[in-house]
Amino acid sequence: MAKKMKTIDGNTAAVHVAYALSDVAAIYPITPSTSMGETADEWAAQGRKNIFGQTLNVKQMQSEAGAAGAVHGSLAAGSLTTTFTASQGLLLMIPNMYKISGELLPCVFHVSARALAAHALSIFGDHSDVMSVRQAGFAMLASGSVQEVMDLALVSHLSAIESSVPFLHFFDGFRTSSEIQKIELIDYEDISRLVNHDAIRDFRARAMNPENPHIRGTAQNPDIYFQGREAANAFYDQIPTIVEESMAKVGALTGRQYKLFDYIGHPEAERIIISMGSSTETIEEVINSLNAKGDRLGLVKVRLYRPFSVEHFLAAIPSTVENITVLDRTKEPGAIGDPLYMDVCAAFKEYGDMPEIKITGGRYGLGSKEFTPGMVKAVFDNMRSVGIKNHFSVGIIDDVSHKSLSVDEKFDTSPEGTVQCKFWGLGSDGTVGANKSAIKIIGDNTDKFAQGYFAYDSKKSGGITVSHLRFGNQPIQSTYLVNTADFVACHKANYVEIYDVLEGIKEGGTFLLNSPWSQEDMESALPAAMRRTIAEKKLKFYTVDAIKIAASVGLGTRINMIMQTAFFSLAKVLPFDEAVAYLKDDIQKTYGKKGEKVVQMNIDAVDQTLENLIEIKVPDSWKNAEGTETAAADDVPEFVEKVMRPMLNQKGDELPVSAFEPDGVFPVGTSRFEKRGVAINVPEWVAENCIQCNQCAFVCPHASIRPVLLTEEEAKAAPEAFETKKALGKELKEYQFRIQVNTLDCQGCGNCADICPAKKPALVMRPIASQTPLQVPNQEFSEILPVRDDLVKRDSVKGSQFQQPLMEFSGACAGCGETPYVKVLTQLFGDRMIIANATG
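Residues numbered from 1 in each chain as written. Predicted model: local features only at pLDDT ≥ 70, side-chain atom pairs only at ≥ 80, totals over all residues. Heavy atoms only, no water.

### Notes on the overall build of the protein
Rules: Note on conventions: DSSP H or I runs of at least 4 residues are helices, E runs of at least 2 residues are strands, and numbering of each starts at the N terminus. Relative accessibility thresholds used throughout: buried, under 20% of the residue-type maximum; exposed, over 50%; partly exposed, between the two (1.4 Å probe, protein chains only). In what follows, a contact means two residues having at least one pair of non-hydrogen atoms within 4.5 Å. Under the convention used here, a 1.4 Å probe and the Shrake-Rupley method define accessible areas, while residue burial counts only the protein chains that appear. In this count, Lys and Arg are taken as positive residues and Asp and Glu as negative ones, while His and the chain termini are left out. All charge positions are set by atom: Lys at NZ, Arg at CZ, Asp at CG, Glu at CD.
Looking only at helices and strands, the protein has 31 helices and 27 strands in total. Its C-alpha atoms give the protein principal-axis dimensions of roughly 85 × 65 × 60 Å. Counting all 840 residues of the protein, 54% fall into the buried class. Of all intrachain contacts in the protein linking residues separated by at least 6 positions in sequence, the fraction that spans at least 24 positions is 78%. Just so you have it, the protein exposes about 36600 Å², and 52% of that area is on carbon and sulfur atoms. Here the protein carries 83 positive and 104 negative side-chain charges, and the mean point of each set is 3 Å from the other.

What follows is the structure, given as structure tokens:
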């Protein structure tokens, strides 16, 4: 088989196989599995053919429960069917999963495993969802990397067809589902040759149709239900053998061999870890590093989790093992131990006469919490400590139950020659899309291996994004964030004041900053700590005014092409001329459908980048730079100071368990302390044009523009720039009126300027830098004025906006059309409202 390498993410790898081997896909979107359904739908719309020469029939249903019902019905009618889901979506499928397995209907659910909403919602990854369905009768197969997703997705489909048992193929949400890697594609012709077409014919032959009448789904009394439940045991007994055979077929085709339980490490290991999912990649990287220095460590990668074959599991354990740690990425409150730990303990108990081995269990990585080489080393170190901790946690500081392990985060195992890059961007500024393009350009056009992972703020648009890219000459197993970067780019200038963007950058590394600042400006614009880091680590420092370039070529605030061009120029992963040629080709592919004008604007942005890329000369004086490192602590609630601000500064990982309430309750009214300042342009109020309709405040999604009423006496005490005009309306004749813009909480959507009905615009969008110095003091003054909510009836547009909104500065995207409704509800009825949170 000729190798065809492609740079794709885990979700696309799963869909590649699912599309090939399915007649029908019934889908409903849920993060992070959504792109699987979207990709399948897109391929079907393009007329892509599966191995049967058909276009996949994709149906989006009204809910996950509906999708599972459609899968059940489609299978019963004899169509090979698949679906893609995660989290609460998977849980909503449980009733149908019991039916599908109970009726021995072969299908595959592809699950980008994700945390479940418990004390709080988390859209991020762990194994909580898949562990909640392990009793539903599906065989369960785990993948740990993007390549494994493709290979084991194929094993899942082949095994389901062969065994007549449904399979749940899962991989870590975000870490694997959204990670981009250069992998080997498996061709559809090769897939077709591996499939048991006789088994497919048998499946179709027993389908429900008028030519083959039968009854299924009966109701049974106590006399026979139990027997019927046991009747399928033989089908489950043969699954380990069938999966082994499917793995062998895939191995013979690809050269990549898999076992039900893969052992990695020293043949005479004394300490081993048992785990599954993306953690196994990091553990393997650490083992390779430590064993090269004389340790004897090992890892068992759990592939087939259900049915759990004790025979195959024990055969994977070296006879020399003295200590085993089982790692679970889920929490089962009240149980003796978490699921995989309990299975391992039961497996040893089942066998009976194994030598004495100390087995401990630990929990890691909930809600996509990082799992780093330092944490792996801490787990191995725990196994040889005097007081071994059992049922520990790793990756957090548990100062309540004191079960967490201490971690050396400076421990580094990344292979030599790997180039690591980190990009700080703003949600919706194009940074993530540009980095995905960069990875694909490098991965698809060179012999280098490439990896990309994108850490999103759950605010999405307007929130922070940090892209983590790696390039190297050997496969990349680092399934954790870049913490020792060769190249760091900061795409939003004010991030230098908020985040430690240079944390972990290597000595002699390169720093690229998007800013309008000159060499002289840097002296005052950069915090002293950052200047010291730049000088002490001898960083190469460059700046480019990407906003200015983007505006000049007509791209508005989309700076992605400029920053990507600068990256290729500075990181030197590819020869620059080659990179630009590939980049322009990618622009044509990406934007060609939008017209030649859009293509040309992006090409112009690329062409103008180099002449505007400026190297900043770093003076020796920066080594001793002094200045106020953080703003003086103002009078804020304890929760804001001790919990919220570390979270906002990307330091939430350092918060201990004791910082949080056990029931997940947070105090209200904390978002007003956030002051994100992420808008590019914000509205400026033009007093003489304002007709005082308050429509601007009414449509604002973030409650960041508000009408203010003040007395003549209060007006005299206002800042000089606090312009007012006489209020209109008989109820307001004694007052002055002003529209106050909160520039630091504004998202810059422009809804207010668009809705303004005045003959001459009363709101004009201006660069945030021109507004903040004036409007921040004005905003602070407006906040000490009384809220005059009893002068005008609240049941009009104008009157409602004099009421204090009780939903403000939310995480909604800029220009959101939903939050203004919730905001006005709180202004109409807020003093009598209880708002329930529904998750799913």
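### Structural notes on unusual backbone geometry
Look at the link from Thr 31 to Pro 32: it is a cis peptide, with omega at 0°. Checked against the element boundaries, Pro 32 lands in the loop between strand S2 (24-27) and helix H2 (34-45). Put simply, Arg 306 and Pro 307 share a cis peptide bond, and its omega is -5°. Secondary-structure assignment places Pro 307 in the loop between strand S12 (304-306) and helix H14 (310-315). At Ser 368, a position not held by glycine, the phi torsion is positive, near 65°. By secondary structure assignment, the location of Ser 368 is in the loop between strand S14 (358-364) and helix H16 (373-383). One non-glycine residue, Ala 703, adopts positive backbone phi at about 55°. Within the secondary structure, Ala 703 is located in the loop between helix H26 (695-699) and strand S24 (705-710).

### Concerning the nonpolar core
A general tendency of soluble globular proteins is for nonpolar side chains to be buried together. Note the threshold: Definition used in this section: a nonpolar core is a set of buried Ala, Val, Leu, Ile, Met, Phe, Trp, Tyr and Cys residues joined via side-chain atoms within 4.5 Å.
Counting 103 residues, the largest nonpolar core has Phe 109, Leu 168, Ile 274, Phe 313 and Ile 324 as its most contacted members. By residue number, the principal contributor to this core is helix H7 (residues 146-163), which donates 10 residues. For Ile 274, the contacting residues outside a window of four places in its chain are Val 300, Val 302, Phe 313, Ile 317, Ile 324, Thr 325, Val 326, Leu 327, Leu 340 and Val 344. One finds Ile 439, Ala 566, Val 573 and Leu 583 within the second-largest nonpolar core, a separate group that totals 44 residues.

### Comments concerning the sheet that holds strand S6 (residues 139-142)
Put simply, the rule is: One requirement defines pairing of two strands: DSSP has to find at least two bridges between them. What counts as an axis is a line fitted to C-alpha atoms, over the stretch in contact for a helix, and the angles between N-to-C directions run from 0 to 180 degrees.
Strands sit in the order S3-S2-S4-S5-S7-S6-S12 across an open sheet of 7 strands; the sheet is mixed. Unpaired on one side and paired on the other, strand S3 (57-60) and S12 mark the two borders of the sheet. Pairwise comparison of adjacent strand axes, ignoring direction, gives a mean angle of 20° for this sheet. In terms of strand pairing, strand S4 (residues 81-85) meets strand S5 (residues 108-113) through 4 bridges, oriented parallel. In the sheet register, Thr 83 faces S5, and the bridge partner there is Phe 109. The sheet contacts of helix H3 (residues 64-76) involve S2, S4 and S5, and relative to S4 the element is tilted by about 165°.

### Considering the sheet that holds strand S25 (residues 725-726)
Strand order across the open sheet formed by 3 strands is S24-S26-S25, with antiparallel pairing between neighbours. Because the sheet does not close on itself, it has two edges, and the strands there are S24 and S25. Looking at chain direction, S24 and strand S26 (residues 736-741) are connected through 6 bridges and run antiparallel. Paired with Leu 709 across the two strands is Phe 737, which belongs to S26.

### Observations concerning the packing of aromatic side chains
The following threshold applies: Centres within 6.5 Å are what make two rings of Phe, Tyr or Trp a pair, Trp counting through its six-membered ring; a difference in plane orientation under 30 degrees is then read as stacked, over 60 as edge-to-face, and the rest as tilted. Counted as over-ring charges are cases with an Arg CZ or a Lys NZ within 6 Å of the ring centre that also lie within 35 degrees of the ring normal.
Taken as a whole and judged by the stated rule, the model has 21 aromatic pairs. Both rings, one in Phe 639 and one in Phe 666, keep their centres 4.9 Å apart while their planes meet at 65°; by these two values the pair is edge-to-face. Within this pair, whereas Phe 639 is found in helix H25 (residues 638-648), its partner Phe 666 is found in the loop between H25 and strand S23 (681-685), the two being separated by 27 residues in sequence. Phe 666 sits in the partly exposed class, given a relative accessible area of 42%. The ring centre of Tyr 305 lies 4.3 Å from the NZ or CZ of Arg 306, which sits over that ring. One Lys or Arg, Lys 377, reaches over the ring of Phe 411 and ends 5.8 Å from the middle of that ring.

### Here's the deal with a negative patch on the surface
For clarity, the cut-off: Each patch is built from residues lacking any salt bridge and having more than 30% relative accessible area; the joining distance is 9 Å for like charges and 5 Å for nonpolar side chains (Val, Leu, Ile, Met, Phe, Trp, Tyr). One side-chain nitrogen of Lys or Arg within 4 Å of one carboxyl oxygen of Asp or Glu is enough to make a salt bridge.
Among the surface-exposed residues, Glu 162, Glu 244, Glu 245 and Glu 311 lie close enough to one another that they form a single negatively charged patch. Within the element layout of this structure, Glu 162 appears in helix H7.

### So, the environment of Tyr 456
Examined against the element boundaries, Tyr 456 turns out to sit in strand S17 (residues 449-456). According to the relative accessible area criterion, Tyr 456 is partly exposed, its value standing at 32%. Linking Tyr 456 and Gly 425, residues 31 residues apart in sequence, is a C-alpha distance of 9.7 Å. In this structure Tyr 456 touches Phe 124, Val 432, Lys 436, Ile 464 and Thr 465, once residues within four positions along its chain are discounted.

### Side note on the packing of helix H17 (residues 431-445) against helix H22 (residues 560-571)
Rules: Note on angle classes: values under 35 degrees are labelled roughly parallel, values over 145 roughly antiparallel, values of 65 to 115 roughly perpendicular, and the remainder oblique. Whether a crossing is left-handed or right-handed is set by the direction in which the near helix is turned from the far one by less than a right angle, anticlockwise for left-handed and clockwise for right-handed. Side-chain classes are defined by residue name, with Ala, Val, Leu, Ile, Met, Phe, Trp, Tyr, Cys and Pro counting as nonpolar, Asp, Glu, Lys and Arg as charged, and the others, Gly among them, as polar.
Between H17 and H22, whose axes approach to 9 Å, the crossing angle comes to 40°. Taken together, the axis directions place H17 and H22 in an arrangement best described as oblique. Seen along the crossing, H17 lies across H22 with a hand that is right-handed. Note on element contacts: H22 touches H17 through Asn 560, Gln 564, Phe 567 and Phe 568, opposite Thr 431, Ala 434, Ser 437, Ala 438, Ile 441 and Ile 442. The class makeup of the residues in the contact of H17 with H22 is 6 nonpolar, 4 polar and no charged.

### Considerations on the side chain of Ser 515
Here Ser 515 is to be found in the loop between strand S20 (510-514) and helix H19 (519-525). The residues touching Ser 515, leaving out its near neighbours within four places in the chain, are Ala 493, Met 522, Thr 543, Val 544 and Asp 545.

### Looking at the environment of Cys 700
Position of Cys 700 relative to the elements: it lies in the loop between H26 and S24. Spatially, the C-alpha atom of Cys 700 lies 9.8 Å from that of Glu 808, the residues being 108 residues apart in sequence.

### Observations regarding the pairing of S3
Defined as follows: Here, the term right-handed applies to a crossover whose path from the first strand over the helix to the second runs clockwise when the strands point away from the viewer.
Where S2 and S3 come together, 4 bridges link them in parallel fashion. Among the inter-strand pairings, Ile 27 is bridged to a residue of S3, identified as Gln 60. Between S2 and its parallel partner S3, the chain crosses via H2, and the hand of that crossover is right-handed.

### Some details on H16
Side chains three or four residues apart in an α-helix point the same way, a direct result of the helix having 3.6 residues per turn. When you tally the buried positions in H16, you get 9 out of 11 residues, the bulk of the element. Regarding H16, the residues found buried are Pro 373, Gly 374, Met 375, Val 376, Ala 378, Val 379, Phe 380, Asn 382 and Met 383. Against strand S10 (271-275), helix H13 (279-291), strand S11 (297-302), strand S13 (323-328) and strand S15 (392-394) lie the buried residues of H16.

### Some thoughts on H25
For H25, the full list of buried residues reads Phe 639, Val 640, Val 643, Met 644 and Pro 646. Following H25 by one or two positions, Gln 650 adopts a phi angle in the positive range, close to 60°.

### Focus: a nonpolar patch on the surface
Residues Ile 396, Val 400 and Val 657 make up a contiguous nonpolar surface patch of about 210 Å² in total accessible area. In this structure, Val 400 sits in the loop between S15 and strand S16 (419-426). Judged by relative accessible area, Val 400 falls into the exposed class, the value being 52%.

### Some remarks on the side chain of His 702
On the secondary structure map, His 702 appears in the loop between H26 and S24. By relative accessible area, which is 2% here, His 702 ends up buried. With residues near it in sequence (within four places) discarded, His 702 still touches Asp 745, Gln 747, Glu 808, Phe 809, Ser 810, Ala 812, Cys 813 and Ala 814.

### As for the pattern of salt bridges
Per the counting criterion, the structure on display carries 37 salt bridges. Asp 381 is the salt-bridge partner of Arg 384, the closest N and O atoms lying 3.8 Å from each other. In this structure, a network of salt bridges that share partners links the residues Lys 99, Glu 103 and Arg 216.

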